[in-house]
Amino acid sequence: MAAALWETLLAASAADGTGGSSTTVVSICVFTAVLCLCLVAGHLLEENKWVNESITALIIGCIVGAIIFLLTEGKHSHILRFDEQLFFIYVLPPIIFNAGFQVKKKQFFHNFMTIMSFGVFGVFISGAIVSAGCYWLFPKVGFGKLDAVDYLALGAIFSSTDTVCTLQVINQDETPRLYSLVFGEGVVNDATAVVLFNAIKNLDISQLKGGVVLKLIADFLYLFATSTIIGISIGLATAYVLKALYFGRHSTDREVALMALMAYLSYMLAELLELSGILTVFFCGIVMSHYAWHNVTESSRITTKHIFATLSFIAETFIFLYVGMDALDVDKWKTSKESFKTSIGIFGIVVLLILLGRVAFVFPVSILSNILSGSSERTPITFKHQVVIWWAGLMRGAVSIALAYNQFTFSGVTSDPVHATIITSTIIVVFFTTLVFGFLTRPLISAMLPHQSRALSRGHSTGSNSPKDDDLALPFLSSDEGASGSGIVLEQAKRSLSMMLERPVHTVHVYWRKFDDRFMRPIFGGPQSY
């Protein structure tokens, strides 16, 4: 009886992804109820040593998918049909925007070069290893039917990390620099992976031949720079409008609505121009939190902070819940014609390449960062921190799934056995890395970063053990120079140059803060010190 009722309600939507209005209402109602169940379960398991909310959503998705699978007598396993456009247009923007909006800017920019090295160069290195490894090893397990663009796309797909599990465990107050590096790499990594993926999709290898790599790098730099500029511009425009018109004197609702809509507009504008919406909305979030957020009323500040975080949380839970359901999608498994041995071989190769790809850049970049920091940075990236950073990037999540669907399916459906094999392999990799590595994240971090380190790190809660910005005098920018004479000026120049060579990132940060206080904040708003 239950099976017949479920079949009647969901047959239309399972067949073509649309269905009637009553079927859509039932599907959304059930999915919303399951989302609520995920929230309750996540709350009850908050203190659990092994489980986090991502794992909880995956497991609940599997259970619900299995129930639907049984009720429909093996025909369906999910309530809604996944569409990569749905993910990129509606689900991903709030996640990335909130990441930029909530980022600790001082920590982020103090570690900017290291974060960018992890997030940008790391994606290229990991992507190259995954692409080359798949091209070389797939034929050895009886699977070598992809073209060059597909292999390059696999590099971008499996270079996208999911650091949610690790960030839920790391204490930001105890290890601020480590938290900043993991969080910053996660966001920049996702943006870079999507930009690289879009650049790969635009490649025409048959015409470029030897210039493929140069063309890929040129496209990437163009997309990266243009997307960043658009995000910053829209963020500044929003801040200026809020400051100049003072919406709060009439309605705080308009302030919140304008910030949310302008953020979404930045994402959609970038997508319209075939740029990276992720990168655009991320930098838009950073700029809005730096300027626009200070131009609204206190109630609007509280509202925006919580509403953006809530939307991001729901979107993340939605993705993991759907992936759990989609893992039991019979159509994909039936379409794939590969043997069990070949499927296991593909899975093993991908996981091995992910591990090697992380090793290839995390430890070298960390060592290089420590060398360049020299004696000026009293908190080096220790070996234990490097292991945590390496581990944090081993999990694959929503972006990998979305990119795989974008490359190898049409609206979540594929009739090509080879492409179906890649989709099922991606689902297995996401499941394995999230469940296995996710389960072990908390015990690993507890072992690598014992609580005894808390006393040592409390004194550096600002996230940097270097002297405060106010303690670093830069005479180049001083407007009230009391000294005179070319000798003193030359000595000041030498000191500033020495500081720049010894601590370039910190020095640039100080220059920027002075420029920001003098020119940017009077126009776009914000506090006069931070």
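Residues numbered from 1 in each chain as written. Predicted model: local features only at pLDDT ≥ 70, side-chain atom pairs only at ≥ 80, totals over all residues. Heavy atoms only, no water.

Details of the overall build of the protein chain
On a plain count of helices and strands, the protein chain comes out with 22 helices and 0 strands. Counting only residues that meet the buried cut, the protein chain has 53% of its 530 residues in that class. At a minimum sequence separation of 6, the contacts of the protein chain that also span at least 24 residues come to 81%. Here the protein chain has roughly 23900 Å² of accessible surface; of this, 67% comes from carbon and sulfur atoms. (Helix = DSSP H or I, 4+ residues; strand = E, 2+ residues; numbered from the N terminus. Buried < 20%, exposed > 50% of the residue type's maximum accessible area, 1.4 Å probe, protein only. Contact = heavy atoms within 4.5 Å. Areas by Shrake-Rupley, 256 points an atom, 1.4 Å probe, with all protein chains shown as cover.)

Quick word on the side chain of Ser 126
Along the chain, Ser 126 falls in helix H6 (residues 112-137). A distance of 3.4 Å separates the side chain of Ser 126 from the side chain of Ser 159, its partner in a polar contact. Those residues in contact with Ser 126, other than ones at most four positions away along the chain, are Ser 159, Gly 357 and Phe 361. (Polar contact = N/O pair within 3.5 Å; in protein donor to acceptor, adjacent residues only side chain to side chain.)

A few points about the pattern of salt bridges
Summed over all chains, the structure comprises 2 salt bridges. In this structure, Arg 358 and Glu 185 form a salt bridge, with 2.5 Å as the shortest nitrogen-oxygen distance. Remark: Glu 185 occurs in helix H9 (residues 176-201) and Arg 358 occurs in helix H16 (residues 340-373); sequence separation between them is 173 residues. On the accessibility criterion, Glu 185 (0% relative accessible area) is buried. Across the pair Arg 301 and Glu 298 runs a salt bridge, and its minimum N-O distance is 3.6 Å. Of this pair, Arg 301 and Glu 298 both sit in helix H14 (residues 298-326), 3 residues apart, which is roughly one turn of that helix. (Salt bridge = Lys/Arg side-chain N within 4 Å of Asp/Glu carboxyl O.)

Topic: the packing of aromatic side chains
Under the criterion given, the structure shown has 16 aromatic pairs. With centroids separated by 4.9 Å and ring planes inclined at 45°, the aromatic side chains of Phe 31 and Phe 318 adopt a geometry described as tilted. In this pair, Phe 31 is assigned in helix H2 (residues 21-44) and Phe 318 in helix H14, connecting sequence segments 287 residues apart. Neither residue differs from the other here; Phe 31 and Phe 318 are each classed as buried. Where Trp 390 meets Trp 391, the ring centres are 6.2 Å apart and the plane angle is 65°; that geometry is what we call edge-to-face. Judged by relative accessible area, Trp 391 falls into the buried class, the value being 11%. What links up through ring pairs into an aromatic cluster is the set Phe 347, Trp 390, Trp 391, Phe 432 and Phe 437. One cation-aromatic arrangement involves Arg 301 over Trp 293; the distance from NZ or CZ to the ring centre is 5.4 Å. (Phe/Tyr/Trp six-rings, centres within 6.5 Å; stacked < 30°, edge-to-face > 60°. Lys NZ or Arg CZ within 6 Å of the ring centre and 35° of its normal.)

Brief notes about a nonpolar patch on the surface
A cluster of nonpolar residues, Tyr 240, Val 241, Leu 245 and Ile 523, forms a patch on the protein surface that exposes about 350 Å² of accessible area. The dominant element in the nonpolar patch, judged by the number of residues it contributes, is helix H11 (residues 212-245), at 3 residues. Take Ile 523: it is sitting in helix H22 (residues 504-524). (Patch = residues over 30% accessible without salt bridge, like charges linked within 9 Å, V, L, I, M, F, W, Y side chains within 5 Å.)

Brief notes about the environment of Leu 352
Tracing the backbone shows Leu 352 in helix H16. Looking at Leu 352, the relative accessible area reads 42%, which means it is partly exposed. Note: C-alpha distance between Leu 352 and Gly 133 (219 residues apart in sequence) is 9.4 Å.

Focus on the confidence of the model for the protein chain
Across the protein chain, pLDDT averages 76, with 73% of residues at or above 70. Within the protein chain, helix H12 (residues 252-272) carries the highest mean pLDDT (90), whereas helix H20 (residues 453-457) carries the lowest (40). Predicted confidence for residues 452-486 stays below pLDDT 50, and this span has 57 contacts to residues more than four positions away or in other chains. Long-range and interchain partners of residues 497-502, a stretch whose pLDDT sits below 50, account for 12 contacts in this model, where long-range means more than four residues apart. (pLDDT = per-residue confidence, 0-100.)

Overview of the nonpolar core
Counting residues in each nonpolar core, the largest one holds 137 residues, and the members touching the most others are Phe 138, Leu 146 and Leu 154. Ranked by residue count, the leading element in this core is H9, at 14 residues. Both domains that furnish three or more residues to this core are identified here as domain 1 (1-13 + 22-72) and domain 2 (84-448). (Core = buried A, V, L, I, M, F, W, Y, C linked by side-chain atoms within 4.5 Å. Domains from an automatic or database assignment.)

Remarks on the packing of H9 against helix H13 (residues 277-290)
Between two packed helices, both the angle of their axes relative to each other and the distance between the axes serve to describe the pair. Relative orientation of the contacting elements H9 and H13 amounts to 145°, with a least axis distance of 8 Å. Every residue of H13 that contacts H9 at Val 187, Asp 190, Ala 191 and Val 194 is listed here: Ile 278, Leu 279 and Phe 282. Its residues assigned to classes, the contact of H9 with H13 shows 6 nonpolar, no polar and 1 charged. (Axes fitted to C-alpha atoms, helices over the stretch in contact; angles between N-to-C directions. Nonpolar A, V, L, I, M, F, W, Y, C, P; charged D, E, K, R; others polar.)

Brief notes about unusual backbone geometry
At Glu 274, a residue that is not glycine, the phi angle is positive and equals roughly 60°. Examined against the element boundaries, Glu 274 turns out to sit in the loop between H12 and H13. Given the relative accessible area of 64%, Glu 274 is considered exposed.

With respect to the environment of Tyr 405
Secondary-structure assignment places Tyr 405 in helix H18 (residues 398-408). The spatial distance from the C-alpha of Tyr 405 to the C-alpha of Gln 85 is 9.5 Å, given a sequence separation of 320 residues.

A short note on the packing of H16 against helix H17 (residues 383-392)
Close contact between H16 and H17 brings their axes to 9 Å; oriented N to C, the two are set at 145°. Seen from above, H16 lies across H17 with right-handed handedness. The residues of H17 that touch H16, namely those facing Leu 355, Arg 358, Val 359, Val 362, Phe 363, Ser 366 and Asn 370, are Phe 383, Gln 386, Val 387, Ile 389 and Trp 390. (Left-handed = near helix turned anticlockwise from the far one by under 90°.)

As for the state of the cysteines
A complete count under the given rule lists 0 disulfides for this structure. No disulfide involves Cys 36; its sulfur sits 9.2 Å from the nearest other cysteine sulfur, which is in Cys 38. Take Cys 36: its relative accessible area is 42%, and that puts it in the partly exposed class. (Disulfide = S-S within 2.5 Å.)

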